[in-house]
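Below, each chain spelled out in residue letters.
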2 protein chains.
Amino acid sequence: MKVVIDAFGGDFAPAAPIEGAALAQKELGVSIMLTGNEEIIRNYIKEHNVEFSDLEIVHTDDVISMHDEPTTLLKTHKESSMAVAFRKLAEGEADAFVSAGSTGAIVVGGTLIVKRIKGIKRPALASMIPSPNSPYMLMDMGANAECRPEMLQQFAVMANSYLKRVEGISNPKIALLNIGSEDSKGGELQQEAYKLMAKAPINFVGNIESREMPKGVVDAVITDGFTGNIALKLIEGTATTFFKMVKGVLYKNIINILAALVLKKDLYSLKSMMDSSEVGGALLLGVKQPVIKAHGNSDAKAIKNAIRQAKYFYDGKVIDSISQGLEAIEE
Amino acid sequence: MKVVIDAFGGDFAPAAPIEGAALAQKELGVSIMLTGNEEIIRNYIKEHNVEFSDLEIVHTDDVISMHDEPTTLLKTHKESSMAVAFRKLAEGEADAFVSAGSTGAIVVGGTLIVKRIKGIKRPALASMIPSPNSPYMLMDMGANAECRPEMLQQFAVMANSYLKRVEGISNPKIALLNIGSEDSKGGELQQEAYKLMAKAPINFVGNIESREMPKGVVDAVITDGFTGNIALKLIEGTATTFFKMVKGVLYKNIINILAALVLKKDLYSLKSMMDSSEVGGALLLGVKQPVIKAHGNSDAKAIKNAIRQAKYFYDGKVIDSISQGLEAIEE
């Protein structure tokens, strides 16, 4: 199995992608293809003694940045490391794709270069969110600011496939994010999506209110990309703010500092638990091959985790399962 | 100034509303009107030696519960303690209204009994959310699951009036909740609302991403009722979950328990800071008189705080200010 990695995507490129790819190869035995400036990559590998058992580099000079319009991936930046990686995936020269680059550009490349699975209206971004129980999937995280009910139904089917095949959950509990538990709650989108999700070949457990989400009581929370993006960043923001406040208490005075010495390690382990980069990258679900978007600030370990996720995605034949799920809706 | 209080709204009725009203009268010198079963109220006052300098009770037997359809306030439950309180307010026999009862019924009663301020399309629910800086207003919290751009513009004008007149903020920073900072972000609702808010006679600071919200960097966050309700409950849910995890650390082993003894008080003070009931009730803005919805689980202190909020709302002539703000939009 070969994973193509955009060596110039993310805040710590090319160091993190190169080191992460080497770690993944050692741990998982995957073949690696890196896209980007070959000289810079080779020099980095040499200078830092990075070991690869086999490595393919596809040279290109250009890079698409976080500030570029996502659609420039198809024109001005069609020779960027990300665009080249997408084409290698689409042409079958690699089996899965990983980049820590611009989310918008990854959605564009996935949708228009790799292309949608037959029957999928719109691909969506999904991520596993940490919780005190087990992580749960949030989908769509922002690929589609405006959604139609049928899209939410498809998101649910895709979530179901991934959770079964990659997370190994036999009958994932899938819920619709809403402002009340009754099926009459929410706007037209939620009311219609509720009906469609109830008809889909999944374990639909009804509406979930956002208050319950962080507890991790369901396996997937389905919503439109606007609400999902708001929710994702609000969880991060609230946890970060709360942790800062806890930290303020720990350093408040000398007595607290002494007591904090004892608790510090455990409290910091909470922080890393709430840290989204720990649970791997985001998935672009609905396209023909596995596309993983690693967090922009990914270090080598986070990139390695994203590559592992790509491997499980591929090994689990998630895309076949999604196609079967779509057929079951149609019937 | 007279405040009418629904003595049978909320989880701890009638104890909390009665005790809270007495506390408020003592502290603020307001006149109190209670609605509900007079015998029960009189008995409670007698048995618990609650002191009122002056008290008016409007007798009624019926109560609208959290499980009743909100619109039954106008028909089946038109003699409920809440409906009677709304009519007293609308008829000018009281100057402000407080209830810890059903939010949906309060929106119905405010809109259809007290009625909208001239020019207001839809009243909205607003609340002050705690943050490490100062509290900020979130609006709409759920009165309108689906909104049009002009409604968001009006919400901004109403938030501005309240923050100036009640919170004493001279030039409140008002932001639109969105999934990015550029004006092109979000769906059609956000893009159009952005333009209208930029034209309104307020200090519009542009989009705010949800990650920034909990820091309290702006004075008001404007959004549709669906997103606002999701955000409100997600902040509560995330803070609660995070606090439980911190608690888990404190009780993990005997050494942690000892260290925790020192920190406990300070850590618990964080919890109460994140506790929404501390910052008072929710406001139904856009109706002709002050309507305050206290948290369902309000104790006497929370009811007293809601009455104080009602007094400041009335004293600050917020409704006149909203009317002026609306006129300034029209011009």
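Residues numbered from 1 in each chain as written. Chains lettered and ligands numbered in written order. Predicted model: local features only at pLDDT ≥ 70, side-chain atom pairs only at ≥ 80, totals over all residues. Heavy atoms only, no water.

Let's shift gears to the sheet that holds strand S6 (residues 136-139) of chain B. Residue and element names in this part refer to chain B. Here we have 11 strands laid out as an open sheet, ordered S3-S2-S1-S4-S11-S10-S5-S6-S9-S7-S8, and mixed in their pairing. Each edge of the open sheet carries a strand with a single partner, namely strand S3 (55-59) and strand S8 (203-208). Taken pair by pair, the neighbouring strands of this sheet meet at an average axis angle of 25°, ignoring direction. Relative to strand S2 (residues 31-36), strand S1 (residues 2-6) runs parallel, the two being bridged by 5 bridges. Within the sheet, the bridge partner assigned to Val-3 lies in S2 and is Ile-32. (Pairing = 2+ DSSP bridges. Helix = DSSP H or I, 4+ residues; strand = E, 2+ residues; numbered from the N terminus. Axes fitted to C-alpha atoms, helices over the stretch in contact; angles between N-to-C directions.)

All names here are of chain A. Taking 1.5 Å per residue, 26 residues should reach 38 Å; helix H7 (residues 225-250) reaches 37 Å between its end C-alpha atoms and fits that length. H7 sits mainly inside the fold: 22 of its 26 residues count as buried. A distance of 3.1 Å separates the backbone nitrogen of Phe-226 from a side-chain oxygen at the start of H7, and that oxygen is part of Asp-224. (Expected span 1.5 Å × (residues − 1). Buried < 20%, exposed > 50% of the residue type's maximum accessible area, 1.4 Å probe, protein only. Polar contact = N/O pair within 3.5 Å; in protein donor to acceptor, adjacent residues only side chain to side chain.)

Another aspect to go through is the state of the cysteines. Across all of its chains, the model carries 0 disulfides over all chains by this definition. Of the cysteine sulfurs around Cys-147 of chain A, a residue in no disulfide, the closest is that of Cys-147 of chain B, at 18 Å. (Disulfide = S-S within 2.5 Å.)

With that out of the way, let us pick up the environment of Ile-64 of chain A. Structurally, Ile-64 of chain A is set in the loop between strand S3 (55-59) and helix H3 (81-90). What Ile-64 of chain A contacts, discounting residues up to four positions off in sequence, is Glu-69, Pro-70, Thr-72, Leu-73, His-77, Ser-80, Met-82 and Ala-105 of chain A. (Contact = heavy atoms within 4.5 Å.)

For the match of chain A to chain B, the screw axis carries a shift of 0.0 Å, the RMSD comes to 0.1 Å, and the turn is 180°. Each copy turns onto its partner about a two-fold axis. When C-alpha positions in chain A are compared against the rotation axis, the closest is assigned to Ala-259 of chain A, at 2.3 Å. Most of the interface of chain A is mirrored in chain B: 100% of its interface residues are interface residues there too. (Least-squares fit on C-alpha atoms with pLDDT ≥ 70 in both.)

What follows covers the side chain of Asn-178 of chain A. Within the fold, Asn-178 of chain A resides in the loop between strand S7 (173-177) and helix H6 (188-199). With a relative accessible area of 1%, Asn-178 of chain A lands in the buried category. A polar atom in the side chain of Asn-178 of chain A sits 3.4 Å from the backbone nitrogen of Gly-186 of chain A. Once residues lying within four places of it in the same chain are set aside, the contact partners of Asn-178 of chain A are Lys-185, Gly-186, Gln-190, Asn-207, Ile-208, Glu-209 and Ser-210 of chain A together with Phe-226 and Ile-230 of chain B.

Geometrically, a pair of aromatic rings is defined through the distance of the ring centres and the angle of the planes. Per the counting criterion, the structure on display carries 9 aromatic pairs over all chains. A centroid spacing of 6.2 Å and a plane angle of 90° characterise the contact between Phe-242 of chain A and Phe-243 of chain B, whose relative ring orientation is edge-to-face. Of this pair, Phe-242 of chain A sits in helix H7 while Phe-243 of chain B sits in helix H7 (residues 225-250), on two different chains. Considered together, Phe-242 of chain A and Phe-243 of chain B belong to a single accessibility category, that of buried residues. An aromatic cluster of at least three residues, connected via ring pairs, comprises Phe-242 and Phe-243 of chain A together with Phe-242 and Phe-243 of chain B. (Phe/Tyr/Trp six-rings, centres within 6.5 Å; stacked < 30°, edge-to-face > 60°.)

On to the packing of helix H1 (residues 15-28) of chain B against helix H9 (residues 300-315) of chain B. All names here are of chain B. Packing of H1 against H9 brings their axes to within 7 Å, and their N-to-C directions diverge by 50°. As far as their axial angle goes, H9 and H1 are oblique. Crossing angle aside, the handedness with which H1 passes H9 is right-handed. Residues Ala-16, Pro-17, Glu-19, Gly-20, Ala-21, Leu-23, Ala-24, Glu-27 and Leu-28 of H1 touch H9, and the partners they reach there are Ala-300, Lys-301, Ile-303, Lys-304, Ile-307, Arg-308 and Lys-311. By residue class, the composition of the contact of H1 with H9 is 9 nonpolar, 1 polar and 6 charged. (Parallel < 35°, antiparallel > 145°, perpendicular 65-115°, else oblique. Left-handed = near helix turned anticlockwise from the far one by under 90°. Nonpolar A, V, L, I, M, F, W, Y, C, P; charged D, E, K, R; others polar.)

Quick look at the pattern of salt bridges now. It is possible for side chains bearing opposite charge to pair when their charged atoms get close. Applying the stated rule across the entire model yields 24 salt bridges over all chains. The partner of Glu-209 of chain A in a salt bridge is Lys-233 of chain B, with the nearest N and O atoms 2.3 Å apart. Within this pair, whereas Glu-209 of chain A is found in the loop between strand S8 (203-208) and strand S9 (220-222), its partner Lys-233 of chain B is found in helix H7, the two belonging to separate chains. Linking Glu-27 of chain B and Arg-308 of chain B is a salt bridge whose minimum nitrogen-to-oxygen distance equals 3.9 Å. With Glu-27 of chain B in helix H1 and Arg-308 of chain B in helix H9, this pair connects stretches of sequence that are 281 residues apart. Residue classification places Arg-308 of chain B among the partly exposed positions, given a relative accessible area of 27%. (Salt bridge = Lys/Arg side-chain N within 4 Å of Asp/Glu carboxyl O.)

Turning our eyes to something else, we now look at the interface of chain A and chain B. Chain A puts 47 residues into the contact, and the matching count from chain B is 47 residues. Roughly 4600 Å² is buried in total at the junction of chain A and chain B, and carbon and sulfur atoms are behind 76% of that figure. Between the two partners, chain A and chain B, sit 11 residue pairs in polar contact (both at pLDDT 80 or more). When contributions to the side of chain A that touches chain B are tallied by element, the ones reaching two or more residues are H6, H7 and helix H8 (254-274) of chain A. By residue number, the principal contributor to the side of chain A that touches chain B is H7 of chain A, which donates 19 residues. The residue inventory of the side of chain A that touches chain B, partitioned by class, reads 27 nonpolar, 11 polar and 9 charged. (Buried area = accessible area lost by both parts, 1.4 Å probe.)

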